[in-house]
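Here is how the chains run, residue by residue.
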Amino acid sequence: GQYFRLKKNDRALLCLPVDYIAGKMMVVRSFILGLNLVPIEPSGNPFEKATERFDFAAMTPMQVSNILTEKAGIKKLNRITKLIIGGADISSELLTKIRLLKNEVWQTYGMTETITHVAVRKLNAPGESENYRALPEVLFQQDDRACLVIHAPHLSEMKVVTNDIVELLNNQEF
């Protein structure tokens, strides 16, 4: 919440299934931060049903891509002040379209083992980056396989050893 500057009563769109961690995290975020959660039935194109403005939303690359194939897709996505995208890779074609958006868009990095995101990458200006940056209280290192190791004491006493090979730039960026 602090990182994305979310505040009580901000409107958050829930367009991910709550059977999975991403949807559950939207519910938890909203409860803890006091967000006004607006649930809609998950679909490949959330803006078939959602017509209002939102302060925050989380979507998959497929959902964002489906919206951007519409003529008014950019206008629709710009109704979300802060958008996080996760769950799969973002193609270079989709990234080119995302860079046209005027809102704040991040790609997230996390896994079920960390329960939430541990790093984000800004996808559009200002602050666009090719690198993932650690969220507060998270540090990174590499193991002997060049795989990412996550230290997030606020999430787990144990470090999380991934199978993701990364180019580690420093202990907070890869």
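Numbering of residues starts from 1 in every chain and runs along the sequence as written. Where totals are concerned, whole chains, interfaces and linings use all residues; where local detail is concerned, this predicted model gives features only for residues with pLDDT of at least 70, and gives and counts side-chain atom pairs only at 80 or more. With hydrogens and water stripped out, all remaining heavy atoms of the structure feed into the side-chain values.

(A) Fine view of the pairing of strand β5 (residues 104–110). Of all seven residues in β5, five are buried; the element is thus mostly enclosed. Relative to β5, strand β4 (residues 80–85) runs parallel, the two sharing four bridges. Note on β5: the bridge partner recorded for Ile84 is Trp106. Throughout, right-handed denotes a crossover for which the path from the first strand over the helix to the second runs clockwise when the strands point away from the viewer. Secondary structure is summarised from DSSP: a helix means a run of H or I of at least four residues, a strand means a run of E of at least two, and numbering begins at the N terminus for each. Taken together, β4, helix α4 (residues 92–98) and β5 constitute a β-α-β crossover, and its handedness is right-handed. At least two bridges found by DSSP between two strands are what make those strands a pair. As judged from the five bridges shared by β5 and strand β6 (residues 117–122), these two strands associate in the antiparallel manner. Of the residues in β6, the one forming a bridge with Gly110 is His117. Between the antiparallel neighbours β5 and β6 lie six residues, among them Ile115 with a positive phi of about 70 degrees. The buried label goes to any residue with under 20% of its type's maximum accessible area, the exposed label to any with over 50%, and the partly exposed label to all in between, with areas taken from a 1.4 Å probe on protein chains only.

(B) Spotlight on the sheet that holds strand β9 (residues 147–151). Within the open sheet, the three strands sit side by side as β8-β9-β10. Their pairing is antiparallel. A single partner strand is all that each edge strand has here, and the edge strands are β8 (139–142) and β10 (160–165). Neighbour-to-neighbour, the strand axes of this sheet turn through a mean angle of 30 degrees, independent of strand direction. Orientation is described by lines fitted to C-alpha atoms, with helices fitted over the stretch in contact, and by angles between N-to-C directions that extend from 0 to 180 degrees.

(C) Spotlight on the packing of aromatic side chains. Working definition: a ring pair exists when centres of Phe, Tyr or Trp rings (six-membered ring for Trp) sit within 6.5 Å. Plane angles under 30 degrees give stacked, over 60 give edge-to-face, the rest tilted. Per the stated rule, a full pass over the model turns up eight aromatic pairs. Consider the rings of Phe4 and Trp106, whose centres lie 4.7 Å apart with planes at 70 degrees: the pair is edge-to-face. Taken as a pair, Phe4 in the segment before β1 (11–14) and Trp106 in strand β5 lie far apart in primary sequence, 102 residues in all. As far as burial versus exposure is concerned, Phe4 and Trp106 are alike and both buried. For the pair Tyr109 and Tyr132, a centre-to-centre distance of 5.9 Å together with 65 degrees between the ring planes defines the contact as edge-to-face. You can see Tyr109 sitting in strand β5 and its partner Tyr132 sitting in the loop between β6 and β7 (133–134), a full 23 residues away along the chain. With respect to class, Tyr109 is no different from Tyr132; both count as buried. An aromatic cluster of three or more residues is present, and its members are Tyr3, Phe4, Phe56 and Trp106. Any Lys NZ or Arg CZ that is within 6 Å of a ring centre and within 35 degrees of that ring's normal is treated as a charge sitting over the ring. The cationic tip of Lys122 hangs over the ring face of Trp106; the distance from NZ or CZ to the ring centre is 5.7 Å.

(D) Geometry of the nonpolar core. Residues belong to a common nonpolar core when they are buried Ala, Val, Leu, Ile, Met, Phe, Trp, Tyr or Cys residues joined through side-chain atoms within 4.5 Å. Met59, Val64, Leu77, Leu83 and Ile98 are the most contacted members of the largest nonpolar core, which totals 23 residues. Listed by contribution, the elements that provide at least two residues to this core are β3 (54–59), α2 (61–68), β4 and α4. In this structure, Tyr109, Met111, Ile150 and Ala152 belong to the second largest nonpolar core, which totals 14 residues.

(E) Region of interest: unusual backbone geometry. The omega torsion of the bond from Ala125 to Pro126 falls at -10 degrees, within 30 degrees of zero and hence cis. Structurally, Pro126 is set in the loop between β6 and β7. Its identity as a non-glycine residue notwithstanding, Arg5 has a phi of 55 degrees, on the positive side. Tracing the backbone through its elements, the reader meets Arg5 in the segment before β1. With relative accessibility at 48%, the residue Arg5 sits in the partly exposed group.

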